[in-house]
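# Residue-level structure breakdown
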Amino acid sequence: VLAQAISQRPRACGSAAAMQSAQAEEGAVWKAEGMSQDDFMLKDECIVVNYMDEVIGHDNKYNCHKFVPGQPRGILHRAFSVMLFDAEGRLLIQQRAASKITFPNVWTNTCCSHPLHGMSCPEVDSPQEIAKSDHMGVKYAAVRKLGHELGIPASELHASRFKFMTRVHYWAADTGTHGSDAPWGEHEIDHLLLYRLKPGEVLNISEHPDEVRAVRWVSRAELRKAMDGSDSGLAAEMPLWSPWFRIIASRFLDLWWADLDVAFSTSKYVDTKAIHRFDTAEEHHGGAGRAGPFLSDLAGAESTAWKESGDAKRRKVVLDAQRDDQKLGFMNRGKIASGASSVKQGAYGKVPTHSTSKMDQLMRPLEVVAALRFKFFGLLENNLKKACDDPDIAFCDDMLKKVSRSFAAVIQQLPDGMCLDIAIFYLVLRALDTVEDDMTFYIGREHEKEAELRSFGAKRLTDIACSIKGVGEGDERTLVEKFGGVSRVFKTLPKKSQDVIMDITEQMGAGMAEYAAADLGQGTVDKAAYDRYCHMVAGLVGEGLSRLFVARGLESEALLGQGEHVWPFCADPNKQPNNLGLANSMGLFLQKCNIIRDYLEDYVDGRAFWPQTIWKKHAITGDLGEFARPTAHGAGVRLPMKGEGGKVVAKGVGTQALMCLNELVADALELVPDALEYLEHLHTPSIYRFCAIPQIMAMATLVACFDNPKLFTGVVKIRKGLTARLIIGTVDGPDAVHWWFTQLAKEVSKSVASGSCVGAGGEIGQRLAVACQRIEDRTRARARVCERQRACKALAVFGTMALAAAAVVGIQQGRLGVALR
């Protein structure tokens, strides 16, 4: 859409008169009067590009130039550098003003700045225009900035006389100005432009004091001596040079200058295809984001791919390298002399986990008591342990504890027989999930992965000697390598249980295969695909569990019915009342909470699930990874950062990531009424606990993620003490579960009502408020029962303590009386 808009825009601003006419017709967008450097940094919207110089969006200058953890090289944007010659072949150079935020006081080319988004004379060039060397956008920008910085009237310049030569991609942290932890820098694809005056042509130059400290006309020899230090006088007058101009002067300008007539009159030196990539000198590495060299190695790989396999391979190599370097920054692992090659598939454990400090946990005494009670007094039985004399069941029990962690106890407390069905069901799906999640073993053999997923049930679940080598990591690898033990126990289950587990495994494997072949680097295509994926990996689990509960005779068929949400992957409830709609809503709620929480892990892994039709409404670039940048999730304002970097990142920071997050939270909360209805149909206490624990933990996790910028920097987890209280709540029964849902919903609704969350006053805030109100309405009655029960318990405890205290006082008084006698 953006490319189409660019290609169709008017191109009639070549002369000063035309530029003034366009501004009169459309309204001047850019004005310098009364604006400070700070104002420009906030107001001007740079053109954000990918490594192929394709426009993907825009952002303010502040955000683009921040070199901080999360975006250690800033945000790549388009720039231009003008080299203006007089008729005698001298070059006009300038010394940047001391008030410039980035690279003040350095000497550089005539003018270096940025084409901007939203200008009256459009400054956004399309790839087609660049390929034809007919991109006027940067030239209009050059006229605008030469007027601003050097006071050259637009009437004395003509955009069509600028000669485009080539492009340079570089990055540099401004460590010279701001020290080794510099929060500022440049990361640009720089369009190099030449301009030459005609004989007798004179420009009226009047430097803007906030932009330019000094100007000077220099010959080719003078510039060379000043920059290499061979003329001590010139070197003393001009000791500092911009890192981009050092590249331009040494790599390109000297050659063009030596043949200036040919450079201007022919296309001998023009290169519209190449983007020359350079790391700057080591003195400009580092910064607050600790970025190291990267572009020079990429340039070599790009050149090889281009020569050997053409444009398509070149493009893939370049964009893959960009994504890897970006992921490295998101994981806060950028180090000096470290490139993106250290990023591997599979983000689990590589993305930071945000845990609660011990002091914070100790300040919550109810949670501490709950954690101690849960740990030392054993609230849940282990009915699976009774069957562990069988070595295969013992293996399954051991694997269950290792791969499901705390959830193993919830399975083990199920009734005899049922606990073994669910344990095997869980392990089978965990093994299937291990195959799906492995992003390295099947590289180059993705068709084998798809075949493995589709045939897993028929091939692996029936093979009592099954062993899958080389897939997964840690305990999951052990599980699939010794999967025959699971298959042998599966064979001993009742026929109805086997049928359910086999059916769900085959359906889920087929669904996973469908998505394994999809490009999920930027999330699912739309909301429908998002829902369908959640159905494949979680809704089907809900279906399988419900069918197993009914097959064992422990629950009624009411569990298999339709909820308020009608899903396209479930049968028509009018034709098939037991269409498992409620079970799917329950599963989708859990999976959506996981997907929301795992944003960064999934993006780094290259398999994201946030739907494009939602996140693209909020993003200002075409990349889902945008939200992981500190400049998109309120860093410095909503998320404190230490030191000078924290002050810098706060200026101009966006909150579009939080807006998108809160919309997805609202979407998930709208499923809670169905999930609560599902729980209301359960009658067996241990099954109720089994289903209620993940639901209430998901609700707590969702509330922890809501409006939380930390989600974009790592994995948000709820406190262990809170987890213990929630589990104890399910043991106490449905009234306590409803009380917890009420309390958690109130946390969100209070934030919306107070206006403290992003989007509170708009459509998203309204959705959140309505969803929370519906949860509170559904849980209020039983929550009040729980409150009365707790009040009675508290009163009983208080009464007991009062009686005990009275008894102690009575005894003490009796002793005192005896002593007096």
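Residues numbered from 1 in each chain as written. Predicted model: local features only at pLDDT ≥ 70, side-chain atom pairs only at ≥ 80, totals over all residues. Heavy atoms only, no water.

### Describing the overall build of the protein
As a reminder of what qualifies: In this text, helices come from DSSP runs of H or I with a minimum length of four residues, and strands from runs of E with a minimum of two, each type numbered from the N-terminal end. Burial classification: accessible surface area is computed with a 1.4 Å probe over protein chains only, and a residue below 20% of its type maximum counts as buried, one above 50% as exposed, and the rest as partly exposed. Contacts are assigned to residue pairs that have any heavy atoms within 4.5 Å of one another. Here the accessible surface of atoms and residues is derived via Shrake-Rupley with a 1.4 Å probe, and residues count as covered only by protein chains that are part of the display. Think of it this way: Lys and Arg go in the positive column, Asp and Glu in the negative one, and His and the chain ends go nowhere. Charge positions are represented by NZ for Lys, CZ for Arg, CG for Asp and CD for Glu.
If you tally the helices and strands in the protein, you get 33 helices and twelve strands. Once the C-alpha set of the protein is aligned to its principal axes, its extents read approximately 110 × 85 × 50 Å. Taken across its 821 residues, the protein has 55% of its residues classed as buried. Of the contacts made within the protein by residues no fewer than 6 positions apart, 73% connect residues no fewer than 24 positions apart. Put simply, the protein shows about 34200 Å² of open surface, and 54% of that area lies on carbon and sulfur atoms. Put simply, the protein has 98 plus and 101 minus side-chain charges, and the middle of one group is 4 Å from the middle of the other.

### Brief notes about a nonpolar patch on the surface
Note the threshold: Every patch collects residues that have over 30% relative accessible area and no salt bridge, joining them within 9 Å if they carry like charges and within 5 Å if they are nonpolar side chains (Val, Leu, Ile, Met, Phe, Trp, Tyr). Salt-bridge detection follows one rule: a side-chain nitrogen of Lys or Arg within 4 Å of a carboxyl oxygen of Asp or Glu.
Residues Met-359, Leu-362 and Met-363 make up a contiguous nonpolar surface patch of roughly 370 Å² in combined accessible area. As for its placement among the helices and strands, Met-363 is situated in the loop between α14 (358-362) and α15 (365-377). Of the residues examined, Met-363 reaches a relative accessible area of 61% and is grouped as exposed.

### Some remarks on the nonpolar core
Across soluble globular proteins, you tend to see nonpolar side chains buried next to one another. Rule in force here: Remark: nonpolar core denotes a set of buried residues (Ala, Val, Leu, Ile, Met, Phe, Trp, Tyr, Cys) joined through side-chain atoms within 4.5 Å.
By size, the foremost hydrophobic cluster in this structure holds 146 residues, and its most contacted members are Phe-549, Ile-596, Trp-610, Phe-627, Leu-669 and Met-699. Counting 60 residues, the second-largest nonpolar core is a separate cluster that includes Val-143, Leu-193, Leu-234 and Trp-256.

### Considerations on the packing of aromatic side chains
Condition: Within 6.5 Å between ring centres, the rings of Phe, Tyr and Trp (the latter by its six-membered ring) count as paired, and their orientation is classed by plane angle as stacked under 30 degrees, edge-to-face over 60, tilted in between.
Throughout the structure, instances matching the rule amount to 27 aromatic pairs. Both rings, one in Tyr-51 and one in Phe-294, keep their centres 6.4 Å apart while their planes meet at 50°; by these two values the pair is tilted. Within this pair, whereas Tyr-51 is found in the loop between β1 (45-49) and β2 (55-60), its partner Phe-294 is found in the loop between β10 (275-279) and α12 (295-309), the two being separated by 243 residues in sequence. For Tyr-51, a relative accessible area of 2% puts it in the buried group. Pairwise contacts between aromatic rings join Phe-330, Tyr-599, Tyr-603, Trp-610, Trp-615, Phe-627 and Phe-712 into one cluster.

### Here we look at the pattern of salt bridges
Any two side chains of opposite charge can pair, on the condition that their charged atoms come close. Evaluated as defined, the whole model comprises 49 salt bridges. Ionic pairing is found between Asp-437 and Arg-607, a salt bridge with its closest N-O pair at 3.8 Å. Taken together, the residues Asp-437 in helix α18 (residues 418-437) and Arg-607 in the loop between α25 (599-605) and α26 (612-618) connect sequence positions 170 residues apart. With relative accessibility at 37%, the residue Asp-437 sits in the partly exposed group. On the basis of relative accessibility, which here comes to 9%, the residue Arg-607 falls in the buried class. Among the charged side chains, a network of salt bridges with common partners joins Lys-527, Asp-531, Lys-592 and Asp-667.

### Topic: the confidence of the model for the protein
Convention followed: pLDDT is defined as a per-residue confidence score from the predictor, taking values between 0 and 100.
Overall, the prediction assigns the protein a mean pLDDT of 89, with 91% of residues at 70 or greater. Here residues 1-12 is a poorly scored stretch, pLDDT under 50, and it has 22 contacts once near neighbours within four places are set aside; other chains count. Between residues 333-348, whose pLDDT stays under 50, and residues either more than four places distant or in other chains, the model counts 41 contacts.

### Re the packing of helix α29 (residues 672-680) against helix α32 (residues 734-754)
For clarity, the cut-off: The angle between two axes is taken between their N-to-C directions and runs from 0 to 180 degrees, where each axis is a line fitted to C-alpha atoms and a helix contributes only its stretch in contact. An angle below 35 degrees is treated as roughly parallel, one above 145 as roughly antiparallel, one from 65 to 115 as roughly perpendicular, and anything else as oblique. Residues are grouped as follows: Ala, Val, Leu, Ile, Met, Phe, Trp, Tyr, Cys and Pro are nonpolar; Asp, Glu, Lys and Arg are charged; every other residue, Gly included, is polar.
For the pair α29 and α32, interaxial distance at closest approach is 12 Å and the crossing angle is 175°. With respect to α32, the axis of α29 lies roughly antiparallel. Mapping the contact onto sequence places Val-672, Leu-676, Leu-679 and Glu-680 in α29 and Val-737, His-738 and Phe-741 in α32. Split by residue class, the contact of α29 with α32 holds five nonpolar, one polar and one charged.

### Description of the state of the cysteines
Using the following cut-off: By convention in this document, the label disulfide applies to cysteine sulfur atom pairs within 2.5 Å.
Using the criterion set out here, one finds zero disulfides in the structure. No disulfide involves Cys-534; its sulfur sits 9.8 Å from that of Cys-593, the nearest cysteine. You can call Cys-534 buried: its relative accessible area is 0%. Unpaired in terms of disulfides, Cys-772 finds its nearest cysteine sulfur in Cys-757, a separation of 9.5 Å. On the basis of relative accessible area, Cys-772 is assigned to the buried category, the value being 1%.

### Description of unusual backbone geometry
Positive phi is not limited to glycine here, since Phe-103 has a value of about 50°. As for its position among the elements, Phe-103 is in the loop between β4 (91-96) and β5 (107-108). Here Phe-103 falls in the buried class, since its relative accessible area comes to 2%. Of note in this structure, Asn-105 is not a glycine but carries a positive phi near 70°.

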